[in-house]
Amino acid sequence: QVVQRPLDAPAEAPLFANGKDVFGRSPRCRVCHALLNSLNSRMVPELLKIKAKEERRLGGGGADSRAVRYGLFEETIERYVQGACATQELWHSRETRKHCEGIMEAHEDELATAYTRWLKKGAPEETDGWSWNWEVCYKETQSCAEERDMHALSEFADGGTGASEP
């Protein structure tokens, strides 16, 4: 049975009476996906800029290229992760904000560690074997069931409306 979507529902797709969307995602799972989409759209470009700048520095030769810089990415990751639930995408809905804050209270360090792990693996694309969904929403936060996390985040991009279908 499909019910009217509450005003504060985190997904744009219709929700069923059990609170799940057309993909079978619980509200917490949808919020984990929204959290990752928000962080990835804002933080990943910044991390990639820092990474490129550091690679140029290391390849430049001279004393500066031999210097080890600690905490290069951690400050940026911390800044974005700490304010993750305050973004427009996640703050506007009380229910979404509640789930986001719950995820962050319990798993903020694990979320930051996932971004550090991603960088250490060379910042791979999802098509290169890295899955944000698996690494964060399943492995680190247990926000989604295993069968949901075997899919790339991009598969959930249209919220089940079919807008991204060819």
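Above this text you will find the structure in question.
Heads up: these notes are all about the structure in this document. (Residues numbered from 1 in each chain as written. Predicted model: local features only at pLDDT ≥ 70, side-chain atom pairs only at ≥ 80, totals over all residues. Heavy atoms only, no water.)

Between helix α1 (residues 27–59) and helix α3 (residues 74–82), the shortest axis-to-axis distance is 10 Å and the interhelical angle comes to 170°. One element, α1, and the other, α3, form an angle in the roughly antiparallel class. From α1, L39, R42, M43, E46, L47 and I50 reach across to α3, where they touch T76, I77, Y80 and V81. Considered class by class, the residues forming the contact of α1 with α3 number seven nonpolar, one polar and two charged. (Axes fitted to C-alpha atoms, helices over the stretch in contact; angles between N-to-C directions. Helix = DSSP H or I, 4+ residues; strand = E, 2+ residues; numbered from the N terminus. Parallel < 35°, antiparallel > 145°, perpendicular 65-115°, else oblique. Contact = heavy atoms within 4.5 Å. Nonpolar A, V, L, I, M, F, W, Y, C, P; charged D, E, K, R; others polar.)

Moving on, we get to the state of the cysteines. Under the counting rule described, the total for this entry stands at three disulfides. Between C85 and C100 runs a disulfide, and the two sulfur atoms are separated by 2.0 Å. Disulfide C85-C100: torsion about the S-S bond near -90°, hence left-handed. Here C85 is found in the loop between α3 and α4 (88–91), whereas its partner C100 is found in helix α5 (residues 94–120), with 15 residues between them in sequence. Accessibility classification places C85 together with C100 in one group, the buried group. What connects to what in the protein chain, once the bonded cysteines are numbered by sequence position, is 1-6, 2-5, 3-4. (Disulfide = S-S within 2.5 Å. Buried < 20%, exposed > 50% of the residue type's maximum accessible area, 1.4 Å probe, protein only.)

By the burial criterion, the buried members of α3 are T76, I77, Y80 and V81. Summarising the axial view, the buried residues of α3 lie within an arc of 120°, below the 170-degree limit, and thus occupy one face. In α3, the exposed positions angled more than 90 degrees off the buried face are occupied by E75 and Q82. Elements in contact with the buried residues of α3: α1 and α5. (Arc of directions from axis to C-beta.)

Turning to unusual backbone geometry, a few remarks are in order. With a phi angle near 55°, A123 is a residue other than glycine that sits in the positive phi range. Tracing the backbone shows A123 in the loop between α5 and α6 (132–140). Phi at Q142 takes a positive value of approximately 50°, unusual for a residue other than glycine. As for its placement among the helices and strands, Q142 is situated in the segment after α6.

For any two helices packed against each other, the geometry is given by the interaxial angle and the distance between the axes. Contact geometry for α3 and α5: axes closest at 10 Å, N-to-C directions at 145°. Every pair of crossing elements has a handedness; the one defined by α3 and α5 is right-handed. Every residue of α5 that contacts α3 at E74, I77, E78, V81 and Q82 is listed here: M104, E108, L111, A112, Y115, T116 and L119. (Left-handed = near helix turned anticlockwise from the far one by under 90°.)

Read these as geometric descriptors, not functional statements.
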